[in-house]
Structure formats: C-alpha cells, structure tokens
Amino acid sequence: MNAAKGPVPNAGILDLAPYVGGDAKLDGFERPIRLASNENALGPSPKAVAAYHALAGEIHRYPEGSADELRHALGEHYGLDPARIVCGAGSDELIGLLQRAYSGPGAEVLYSRHGFLMYPIGAQAVGATPVAAPEHDLTADVDAILARVTERTRLVFIANPNNPTGTYLSAGEVARLHAGLPSNVVLTIDAAYAEFVNRNDYEPGVKLVDAAENVVMLRTFSKIFALAGLRLGWGYFPPAIADVLNRVRGPFNVNSAALAAGVAALNDTESVEKARAHNDRWQPWLNERMAALGLNPTASVGNFVLPHFAETGKHTATAAFAFLQSRGILTRKMNGYGLPNHLRITVGTAEETEKVAATLAEFMGS
Ligand SMILES: Cc1ncc(COP(=O)(O)O)c(C=O)c1O
C-alpha cells in the first residue's frame, strides 16, 4: 500500500474537460445583456413565479418524489402516458442517468460532431468512450452516425434541433437513423428546443418512442418555459427504460420549487405563445442581419443564431466576442465545440436583439 497516494477517481474522469456555461457577469456592467445561454429573453411566467413564492413556507418538506402532479400535467398537455415520463434536475440529469444506466467502461457513446457537449462529457464521466460522427453543413449526418456503430455502441445522442448549430433532422431522417440501429442501442432524441421549431417535417420524437423499445425523448423547462434556474427537465421513455431510470435516479431528484413552478409554467399557455411569437419574429430577423453582414449563419430553427467569422484578420470570432463585451453584450464562444470561428448568440428582447445586431454591424464596419 502506498500511503502517499491519494484517492484515485474512476477511469476517464480526469480526462474530461468540465462543461463551461455561458458567462453571466461582465466587469464594468451591472446588468450586461445576456445572450450566452439560450435562455428565454422574456423572463419567467408570472404564474410560475407565483407558484414558486407560494411554496416558500413549505421548503422544510421533502418534495413529492415521483413528480406525480407534474408528470400528469405533462401527460395531459402532450397526450402522453404519465407512467412513461421521468423528470430530472434539468435534462442534463437525465442525460447523465442514461449514461449511468446504459453505458460505462468499454462502451461507446455516439454523437454528432457538433452535438451538445454534455453527451461526450457524460460518456467520459462513466468511463465510456465518446465517438463523434462527422457532419455535413453543421447538420447531423445519419449515414455517418450509422457508419460508426460498433458492437460496443450503447447510446446514440442527437439534439434535434441541435445546440449550438440550430440545425435539425426531419422526422424521416430520425426514423432512418433509428431503423439503422441495433435494437440494444438506445437512441436519445434531445428535443430541448422543440417548441421553437415551426417546420412541417419536424417531429420531436414522441412517435418513435411510441413505436420502439430503444428510443427516448428528452425535453426541458429551461428554454421556452423559462425555468433554467430551477433545473427541470423530463423525458418520455419506453416503459422498461422509465423503470430503469426510476431505479437509478435519486428519490427526490427534482426539488419542490421546480415541481410547482413547472406545472404552472406548463399551464401558462399565454406566456409560452408569447415566447414562441417573439422568437418567430426575432430569430429570423437576427439571422438575416447576420447574413447581411456576410457572417453566413446556419439555418437555425432554435432561439439562437450561429454566425461565422473570418479565421484571420480584424473580424475574427474572438475579436467580435471582445467587441460585444466592450459594449456590455455577452455571447458564447464556440471553441469547446471545435467551432472557434463561430459565436452563438441567443435571441434577446427586441431591444437586446436590435442592439447586438447593430453592435456587430459596427464591428464589421470597423
Ligand atoms: C440540446 C440541449 N440539451 C439539453 C440541455 C440542458 O438543458 P437543462 O437545462 O434542462 O439541463 C441544453 C441546454 O442548453 C441543450 O441545449
């Protein structure tokens, strides 16, 4: 025994680069414009805020551990069987639980090259090997994913639409992906931005989950439902996978404030419609502004845009990021995604969105 040696974590953990969230603070600005985390610019539903406050005197109690009321509200809202819904502390937790339950040392976890970073991070956290499939036009490529399936593949993750690219796969393409996977591989369709999509050929994943035993759909309250700070996500699962996740999750994994505010936010259709209409107006507007500046943004269908800057010279993404910061605007660098020449910019309020576009126009003209 070597007494000088300290505890050693499991394989893979020290190799992973922790997820770095978007900046929230900016020196010199008391209230910077925060366009770095794809939050809902319009703020939380007043009904959710009221539910949150109403709970304050009860926080000495444990939450209701099965999220019964919220699962039934979700079931009614989306026409789903509540028994097949599992809630989590953000969909991040559910991504981690899927990794813990179905992957591990020796397993491979497949994802699209510019897919959400929590997929490879979650794989490394459980000692599995993340495998990135190349994309075309910053869009997931079904054939490239299928070509990388091996006998060690346990999980395939796609975000649809994807963060940070904003691109999406049609229902037909997702079905083709599923059809090409062995039945022991779990296909996770992460539809965090589903509510923002208005394309006829899009489907968030419900139909495939209903039709197969190896497909799951993840959703979140952090985006259109505007509850990112409370950490609330959910998924719709085949019964056997729901059972597995209910075994591995903590007994009180979702806090009582999130449960109460979640039900209220879900039922506040007016706030959701407002957020959707806001995005319908301002996201294409911002994307067009980026295109007009020659920044070749992706065809994003989320609540964010991804402009492409020059690799060298005055107008790089790094220079744009710094210029925006100097004007009190926070955006997201994409180096961690292997996209050092892009910035991800969330649609803000009308004023914020106009300001970021005008500031970038000034930067490009400088
Ligand atoms: C594609 C995708 N999945 C999951 C998440 C995590 O969401 P949550 O806040 O529910 O953990 C995000 C957050 O940005 C996301 O973009």
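Before any of the text, the structure's been laid out above.
Along every chain, residues carry numbers that run from 1 in the direction the sequence is written. Only residues with pLDDT of 70 or above have their local features reported here, since the model is predicted, and side-chain atom pairs are shown and tallied only from 80 upward, although totals for entire chains, interfaces and linings are computed over all residues. Remark: hydrogens and water are excluded; side-chain values derive from all non-hydrogen atoms of the structure.

(A) Fine view of unusual backbone geometry. In this structure, Pro-161 follows Asn-160 across a cis peptide bond, with omega equal to 0 degrees. If you trace the backbone, Pro-161 turns up in the loop between strand S5 (153-159) and helix H6 (171-179). Each neighbour pair has its own omega, and for Asn-163 with Pro-164 the value is 20 degrees, a cis peptide bond. Among the secondary structure elements, Pro-164 is positioned in the loop between S5 and H6. Positive phi values are uncommon outside glycine, yet Arg-231 reaches one of about 65 degrees. Residue Asn-296 is not a glycine yet carries a positive backbone phi of 40 degrees. Residue classification places Asn-296 among the exposed positions, given a relative accessible area of 55%. Working definition: helices are DSSP H or I runs of at least four residues, strands are E runs of at least two. Numbering for both runs from the N terminus. For every residue, the accessible area obtained with a 1.4 Å probe (protein chains only) is divided by the maximum for its type, and the residue is called buried under 20%, exposed over 50%, and partly exposed between those limits.

(B) Just the packing of aromatic side chains, in detail. Think of it this way: a Phe, Tyr or Trp ring, Trp meaning its six-membered ring, pairs with another when their centres are within 6.5 Å, and the plane angle makes it stacked under 30 degrees, edge-to-face over 60, tilted otherwise. Evaluation of the coordinates by the stated rule reveals eleven aromatic pairs. With a centroid separation of 5.7 Å and an interplanar angle of 80 degrees, the aromatic rings of Phe-116 and Tyr-119 are classed as edge-to-face. Comparing Phe-116 with Tyr-119 shows no difference in burial state: the two are buried. Here the aromatic rings of Trp-282 and Trp-285 are separated by 5.2 Å at their centres, their planes lie at 70 degrees, and the arrangement is edge-to-face. With Trp-282 and Trp-285 both in helix H10 (residues 269-292) and three residues apart, this pair spans about one turn of that helix. Relative accessible area serves as the criterion here: at 6%, Trp-282 is assigned to the buried category. Among the residues examined, Trp-285 registers a relative accessible area of 29% and is labelled partly exposed. Taken together, the aromatic side chains of Tyr-19, Phe-116, Tyr-119 and Phe-157 make up a single cluster linked through ring pairs. Criterion for a charge above a ring: Arg CZ or Lys NZ at most 6 Å from the ring centre, at most 35 degrees from the ring normal. Across from the ring centre of Phe-304, 5.9 Å away, lies the NZ or CZ of Arg-344, which sits over that ring.

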